[in-house]
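Results of the structural survey
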Amino acid sequence: MTFALIDGNNFYVSCERVFNPKLEGRPVVVLSNNDGCAVSRSAEARALGIKMAVPWFQMKDMAKKHGIVALSSNYALYADMSSRMMSVLAQFSPDQEIYSIDECFLGLAGFEHYDLAAYGQEIRARVRKWLGLPVSIGFAPTKTLAKMANNCAKKGLAGANGVCDFGRMSESELSRLLSTIGIREIWGVGAQLTKQLTDRGITSVEALRTTDAKVLRREFSVVLERTVTELNGIPCIDMEESAPDKQQIMSSRSFGDYVTELEPLSAAVASFIAIAAEKLRSQGSVAGMVNVFIRTNTFAENQKQYQPSVTLPIPEPTSDTLALTSIALKGLRGIFKSGYSYKKAGITLMDLSDGSTAQPDMFSTARDNTKLMAVMDRINTQWGRGTLHSAAEGISNGWKTKRERMSQEFTTSWSGLPVVRVGSVRAGSNG
DNA sequence: CTATAACTCTCAA
DNA sequence: CTAACGTTGAGAGTTATAG
């Protein structure tokens, strides 16, 4: 069995470039929510030393000096481009696992006689031609190695031109290559493991790969044992055919401004519940518990800190936005204290179960809003989220996320289509 | 004491 | 002018608690 891992190159920046070709060749970054940190950087921005996840305000001066373009993230656009890309990639194998917004695995059982390097180039060419997006591709006998091969493809290692096939390399070639790569690059090895392994003198992928897996299991974890087994070409991680239902659904945001009053916090919490409950209904589940948290700005060390949270049971598990909102707001009132400047809040729906088999309460007095919710979901799907919302969400804007540098809704709204002037006629307006 | 619940830590994109 | 630092989810391992 061979796995392919296909990954968009600096995906968010590439999506922006499709609709704004002037960004080609220039240093571009896309910022996280609230215009906080750099989360996607073009090659030019990376070359200038912009690091991943660095707070943008720290980079502003040098960004200005080098003419770096910074954009707020336009998730609606990236999600839409993602689903188009996944459809195109699905044409290359009947076995696809969508792993994240910008990458997927393809299972290639039965492709043994293929020239994968050539197949990879074909995939790249089609995605580029049909969508304008650049991707890199790694092929290998395990998922962990496919991720690693993708990494090499992206960096142009081993003569790769956007495609790297470990399956075609000899053992000694592969060993030589892997001894030049640091363990931090491995899928499943984060900052903590990197530090601990480095302390024991294990710094290269090859060094880790040749360490006894049983010893690693004893001294670290099963997870690391699996990783090392996979690095040796023995698959432990299968393709996931369909995404299982979520076990918990969370919604949270940092605020654009500080919030000190209960009222805007309530509006925020109601909005988070609305977002999460919609997801809950779309997978046909009901929630049995809800957690609410609020927090002051943990980065502001000179400010009074307070980060309470509370978890409340939901006596009659439900997916009704209104019922969930009333419980969450009760929780919020319980933890809210005035005199603090809040910067973030969120909720988590937990203890999820299948809505169709949930045990109804025989003596229930709750009103059944099932049909109302169905109507609300239809309206919001068609006209955009938030078109119809509960009064509790309010009209208070004080808490909303900052997005001051956002591009248009090129693909997800008629009004976002670039305006084309033909004589005096304007096309692309939705009137 | 065991089974489970609840919580903490780590990782990923 | 100043201050300014993401979101969502899973799983393993550990600790607390119930029975």
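Before reading on, note that the structure itself is shown above.
Below or above, wherever it landed, is the structure these notes cover. Here the structure is a predicted model, which is why all the values come from computation and not from measurement.

What follows covers the packing of aromatic side chains. For the structure on display, the rule yields 17 aromatic pairs. Connected via pairs of aromatic rings, a cluster forms that spans Phe11, Tyr12, Tyr75 and Tyr78. Directly above the aromatic system of Trp130 lies the positively charged group of Arg126, at a separation of 5.4 Å from the ring centroid. Between Lys337 and the ring centre of Tyr306, over which it is positioned, the NZ or CZ distance is 4.7 Å.

In the region of DNA strand C, 25 residues are neighbours, and Met250, Ser252, Arg253, Ser254 and Lys344 sit closest. In DNA strand C, atoms within 4 Å of the protein come from the sugar-phosphate backbone in 73% of cases. With respect to DNA strand C, the backbone of Ser252 contributes an N or O atom lying 2.4 Å from a phosphate oxygen. Those elements that place two or more of their residues in the surface near DNA strand C are helix H3 (56-66), helix H11 (222-231), strand E9 (249-259) and strand E12 (342-350). Of the residues forming the surface near DNA strand C, the biggest block, seven residues, is contributed by E9. Split by residue class, the surface near DNA strand C holds eight nonpolar, eleven polar and six charged.

By secondary structure assignment, the location of Leu89 is in helix H4 (residues 75-90). A relative accessible area of 0% means that Leu89 is categorised as buried. Between the C-alpha atom of Leu89 and that of Arg124, which follows or precedes it by 35 residues, the distance is 9.4 Å. Contacts of Leu89, omitting those with residues within four sequence positions, involve Ile6, Gln96, Cys104, Leu106, Ile123 and Val127.

Taken as a whole, this structure holds 13 salt bridges when the rule is applied. Linking Glu206 and Arg209 is a salt bridge whose minimum nitrogen-to-oxygen distance equals 3.1 Å. Of the two residues, Glu206 and Arg209 both sit in helix H9 (residues 205-209), three residues apart, roughly one turn of that helix. By relative accessible area, Arg209 is classed as buried at 6%. Between Glu219 and Arg218 there is a salt bridge; the shortest N-O distance is 3.9 Å. Where salt bridges share partners, they join Glu171, Glu206 and Arg209 into one cluster.

For the rest of this paragraph, the subject is the sheet that holds strand E1 (residues 3-8). Pairing is mixed across the open sheet formed by five strands, whose spatial order is E5-E6-E1-E7-E8. Among the strands making up the open sheet, the edge pair consists of strand E5 (96-100) and strand E8 (163-165). Looking at each pair of strands side by side, their axes are set apart by 15° on average, direction ignored. Contacts between helix H5 (residues 116-131) and the sheet are confined to strand E7 (135-140) and E8, with E7 contributing the most and set at about 155° to the helix.

As a further point, take the side chain of Thr321. With respect to the secondary-structure elements, Thr321 resides in helix H13 (residues 321-335). Looking at Thr321, the relative accessible area reads 0%, which means it is buried. If near-sequence neighbours (up to four positions away) are discounted, Thr321 is found in contact with Ile273, Ala274, Ala277, Arg281, Met373 and Met376.

Criteria and thresholds
Residues numbered from 1 in each chain as written. Chains lettered and ligands numbered in written order. Predicted model: local features only at pLDDT ≥ 70, side-chain atom pairs only at ≥ 80, totals over all residues. Heavy atoms only, no water. Phe/Tyr/Trp six-rings, centres within 6.5 Å; stacked < 30°, edge-to-face > 60°. Lys NZ or Arg CZ within 6 Å of the ring centre and 35° of its normal. Near = heavy atom within 4 Å. Polar contact = N/O pair within 3.5 Å; in protein donor to acceptor, adjacent residues only side chain to side chain. Helix = DSSP H or I, 4+ residues; strand = E, 2+ residues; numbered from the N terminus. Nonpolar A, V, L, I, M, F, W, Y, C, P; charged D, E, K, R; others polar. Buried < 20%, exposed > 50% of the residue type's maximum accessible area, 1.4 Å probe, protein only. Contact = heavy atoms within 4.5 Å. Salt bridge = Lys/Arg side-chain N within 4 Å of Asp/Glu carboxyl O. Pairing = 2+ DSSP bridges. Axes fitted to C-alpha atoms, helices over the stretch in contact; angles between N-to-C directions.

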